[in-house]
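# Coordinates in review
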Amino acid sequence: LAKGEEHALAQKPVVILPGLNHSDFCPGFDVPGDLPAEVDQEAATTTIGEVTAAFLKLQVAPPAGAAHATALALMRAKAAWTRDFMAPYLKAQDLEHNRTDVADSTEGASPFCAGAQHIVAGLSKEDDVRLRVRDGFHVDSSNLEHCHPNWTIAADGL
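None of these values were measured; they are calculated from a predicted model.

A word on the overall build of the chain. Per the secondary structure count, the chain includes five helices and zero strands. Order of helices (α) and strands (β) in the chain, N terminus to C terminus: α-α-α-α-α. On C-alpha atoms alone, the chain measures out to a radius of gyration of 24 Å, which is more than a quarter above the 15 Å that the 2.2 N^0.38 rule sets for 158 residues. In terms of overall dimensions, the chain has C-alpha extents of about 70 × 40 × 35 Å along its principal axes. Long-range contacts, defined here as pairs at least 24 residues apart, represent 49% of the contacts in the chain between residues at least 6 apart.

Here you go:
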């Protein structure tokens, strides 16, 4: 977004249109393996038309005009809905791989795996607070041999 949100929405917007599926973009043809749409084809076509028209207006309407402002508002709303919809997935993905935690691996760590070790250990609350988990994430399969649980007893914990 170095050039700003408006530029991103006008040039390469990425939005999810709720209730639609891939087949809704080609009426009369069901894409093999597509999930059923949550809306009928008429509603899907209306939504596709509105968003496509807004995108095209951002290309040709004068930036100071009402048509441009209305189109930009619609694209902002669609992008905001997409951000909200994707937030739980992206948060879960961040739990899978934290690239900045390089204490045990130059490739990062997996907060999800570290948290899961506490559950899998099945310790009492008193013992669980003494369990310190160190986790390394390995993208490259050549490091796979290093991806296994290990434990060490220490004076102040496990």
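There is more to say, and it comes next.
Our next topic: the environment of glutamate 38. Along the polypeptide, glutamate 38 turns up in the loop between helix H1 (5-11) and helix H2 (41-60). Distance from glutamate 38 to threonine 100, taken between C-alpha atoms, is 39 Å for residues 62 residues apart in sequence.

Turning our eyes to something else, we now look at the nonpolar core. One finds Leu9, Leu17, Leu20, Leu58 and Met75 to be the most contacted residues of the largest nonpolar core, which totals 13 residues. Per-element tally for this core: the top contributor is H2, with five residues.

This next bit is on the pattern of salt bridges. Between side chains of opposite charge, a pair can form when the charged atoms approach closely. Counted according to the given criterion, the structure contains three salt bridges. When the shortest N-O distance is used, the salt bridge between glutamate 5 and arginine 76 registers 2.9 Å. Here glutamate 5, found in helix H1, pairs with arginine 76, found in helix H3 (residues 66-96); they are 71 residues apart in sequence, far enough to count as distant. On the basis of relative accessible area, glutamate 5 is assigned to the partly exposed category, the value being 31%. Classification of arginine 76 by relative accessible area gives partly exposed; the value is 34%. Between aspartate 127 and arginine 130 there is a salt bridge; the shortest N-O distance is 3.3 Å. Residue arginine 130 is classed as partly exposed on the basis of its relative accessible area, which comes to 43%.

Following both chains from N to C, one finds H2 and H3 inclined at 130°, their axes separated by 8 Å at the closest point. Compared by their axis directions, H2 and H3 come out oblique. The chirality of how H2 crosses H3 is left-handed. For the pair H2 and H3, the contacting residues are Glu50, Val51, Ala54, Phe55, Lys57 and Leu58 in the first and Ala67, His68, Ala71, Leu72, Leu74, Met75 and Lys78 in the second.

What counts as what
Residues numbered from 1 in each chain as written. Predicted model: local features only at pLDDT ≥ 70, side-chain atom pairs only at ≥ 80, totals over all residues. Heavy atoms only, no water. Helix = DSSP H or I, 4+ residues; strand = E, 2+ residues; numbered from the N terminus. Rg over C-alpha atoms; globule rule 2.2 N^0.38 Å. Contact = heavy atoms within 4.5 Å. Core = buried A, V, L, I, M, F, W, Y, C linked by side-chain atoms within 4.5 Å. Buried < 20%, exposed > 50% of the residue type's maximum accessible area, 1.4 Å probe, protein only. Salt bridge = Lys/Arg side-chain N within 4 Å of Asp/Glu carboxyl O. Axes fitted to C-alpha atoms, helices over the stretch in contact; angles between N-to-C directions. Parallel < 35°, antiparallel > 145°, perpendicular 65-115°, else oblique. Left-handed = near helix turned anticlockwise from the far one by under 90°.

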